[in-house]
Every structure is written in C-alpha cells, then in structure tokens.
Amino acid sequence: MSQPMNPYDTPEHSRPGMSGTTKVLLGMGIGCGVLVLLCCGFFGASTFMLVRMAKQALTEDPNEIQRLTDTIVNIKIPDSLPPKAGMDLTIPFVGTKFMTWVAYGAEKNDNDNALFLAQFSPDMVKEEDMRGQWKDSMRQSGQQEWDDIKVEESDKVDITINDSPATFTIDKGQDSKSREVWQVMASFQGKGGPAIFALKVDTASFTREQLFEILNSMKSMK
C-alpha cells in the first residue's frame with residue numbers, strides 16, 4: 001500500500017539550483033493551502049488532488065510574486081527579504097479564487113528570516129480563525145519554532161490597513177536555535193478578503209525601527 005502524500009513535501013519537479021530556503025517555503029505554501037482547504041470542508045477531495053492543485057498554483061517568478069503581493073496589500077519589503085515563492089490558488093470547477101500566498105526570505109539562514117502574507121476568500125475563511133490555522137500549518141510542516149519562541153518582550157501595535165483596523169503582536173525572545181528574534185503576527189483586512197501577516201527575523205539583522213518601517217508601509221493612505 002502506498003504511503004499517503006504529505007502536503008508539506010518538497011515539490012517533485014523542483015528546478016535545478018532551487019535553494020533550500022525556497023524548497024521549504026514552497027512546501028509550506030502547499031501545506032498551508034491544503035490545510036485550510038481541508039478545514040473549510042473539502043473533505044470529499046483527495047489529499048493528492050489538493051496537493052496537485054497547490055503545486056500547479058506555485059510560482060518563483062519575482063515579478064509575479066510582487067503582483068500577488070499587490071493584490072493583498074500595499075507594502076514595502078526590504079531588499080534583505082527577497083521574493084521567494086507565491087501561490088494563486090483557484091478552486092476548480094467553480095472558478096473561485098481561494099487563496100493568494102507569498103513568501104519572502106533571506107538566503108543566508110535557510111528560512112530563519114522570513115515574511116509571509118496570505119489572503120483568503122471572505123466566503124470561506126473567517127479572519128478570527130486564520131491565526132490558528134496558520135500555526136497549525138507551521139507545526140505540521142516542521143516549523144515549530146514559530147510557536148516555540150521564549151518571549152521576553154511583547155507589544156501590540158494598531159495600524160489601519162485597507163481602511164480597517166488591525167492589531168499586530170510584536171514579540172522579542174529566544175527561538176529554538178537560541179537566536180534572539182522578532183516575531184510579528186496579525187490578521188487584517190486585505191484588498192480581496194481576510195489576510196494574515198507573519199514575520200520572523202533575527203534581531204541582529206533587523207532593528208525595531210526597521211520593523212515599524214515595514215508595518216507603517218501598509219497604512220491606509222487617504
């Protein structure tokens with residue numbers, strides 16, 4: 001009997017030269033899409049079909065990743081977090097756009113510094129459910145360090161994005177690798193539906209002021 005497919009496995013047809021960072025991010029994007037599809041009631045579809053859908057929706061093209069980002073929110077991402085992967089997942093047969101997902105990350109530390117944005121159909125995902133589903137996808141993809149930070153300082157910052165209020169939690173602490181890191185998470189209203197922001201970077205690479213530059217770049221402009 002064949003083993004069930006793990007949605008977090010690296011895509012089978014990865015291009016030569018694909019970095020370890022990109023492979024992990026692609027796997028996480030597939031897993032996040034499949035997990036939320038299952039949570040939304042797509043139990044009649046096989047995991048194989050859902051994984052195949054997610055893989056076909058993936059891209060590594062920087063220009064396409066930027067385009068997808070712009071459909072979620074206006075944001076200025078620093079060059080130290082280059083575009084790595086994106087996904088524009090549309091449900092077959094009905095043509096509904098289900099999830100838009102992008103990932104940015106540094107090459108040097110193999111997914112240690114990363115920024116994720118995801119936007120979902122407002123008919124399928126409630127904003128208050130997204131953070132829990134996000135953490136489930138991180139845990140199942142082997143990224144437990146997103147949960148395992150030993151928080152030493154924590155702040156909350158309110159920012160208006162796409163004309164709706166959002167509260168960002170900014171944590172500073174030690175991760176599972178004993179690095180001092182910033183972890184920033186929030187759910188917010190994207191341009192096309194409920195969205196989530198997740199950032200994890202080491203404090204040696206980013207100051208608090210640099211974090212706020214990223215967050216403030218998403219502010220609604222009147």
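Above this text sits the structure in question.
Procedures and definitions
- Residues numbered from 1 in each chain as written.
- Predicted model: local features only at pLDDT ≥ 70, side-chain atom pairs only at ≥ 80, totals over all residues.
- Heavy atoms only, no water.
- Salt bridge = Lys/Arg side-chain N within 4 Å of Asp/Glu carboxyl O.
- Helix = DSSP H or I, 4+ residues; strand = E, 2+ residues; numbered from the N terminus.
- Buried < 20%, exposed > 50% of the residue type's maximum accessible area, 1.4 Å probe, protein only.
- Arc of directions from axis to C-beta.
- Polar contact = N/O pair within 3.5 Å; in protein donor to acceptor, adjacent residues only side chain to side chain.
- Phe/Tyr/Trp six-rings, centres within 6.5 Å; stacked < 30°, edge-to-face > 60°.
- Contact = heavy atoms within 4.5 Å.

Novice: Explain the pattern of salt bridges residue by residue, including any values.
Specialist: Throughout the structure, instances matching the rule amount to 6 salt bridges. A salt bridge links R67 to D88; its shortest N-O distance comes to 3.8 Å. Linking R67 in helix 3 (residues 62-72) with D88 in strand 2 (residues 83-91), this pair joins segments that are 21 residues apart in sequence. For R67, a relative accessible area of 39% puts it in the partly exposed group.

Novice: For helix 3, give the residues involved together with the corresponding values.
Specialist: Restricting attention to buried positions, one finds in helix 3 the residues I65, L68, T69 and I72. Looking straight down helix 3, one finds that the buried residues subtend no more than 105 degrees of arc, so they occupy a single side. The opening residue of helix 3, the one whose side-chain oxygen lies 3.1 Å from the backbone nitrogen of N63, is D61.

Novice: Which residues make up unusual backbone geometry, and what are the values?
Specialist: If you check the backbone angles, N162 has positive phi at about 50 degrees while not being a glycine. Within the fold, N162 resides in the loop between strand 5 (150-161) and strand 6 (164-174). The exposure class of N162 is partly exposed, given its relative accessible area of 24%.

Novice: Talk me through the packing of aromatic side chains; I want residue IDs and the actual numbers.
Specialist: Evaluated as defined, the whole model comprises 2 aromatic pairs. Plain terms: the ring middles of W101 and F116 are 6.2 Å apart, the flat faces sit at 35 degrees to each other, and that makes the pair tilted. Here W101 is found in strand 3 (residues 96-105), whereas its partner F116 is found in strand 4 (residues 114-120), with 15 residues between them in sequence.

Novice: Requested: an account of the environment of E152, with residues and values cited.
Specialist: Mapping E152 onto the fold places it in strand 5. Since its relative accessible area comes to 48%, E152 is described here as partly exposed. The sequence separation of E152 and G173 amounts to 21 residues, and the corresponding C-alpha distance is 4.9 Å. In this structure E152 touches K172, G173, Q174 and E180, once residues within four positions along its chain are discounted.

Novice: Explain helix 5 (residues 208-216) to me, and be specific about the residues and the numbers.
Specialist: Burial in helix 5 covers these residues: L211, I214 and L215. Here the buried residues of helix 5 occupy an arc of 95 degrees about the axis, which is enough to place them on one side. Summarising the geometry of helix 5, the exposed residues directed more than 90 degrees from the buried face are E209 and E213. Residues of helix 5 that are buried sit in contact with strand 4, strand 5, strand 6, strand 7 (180-189) and strand 8 (194-202).

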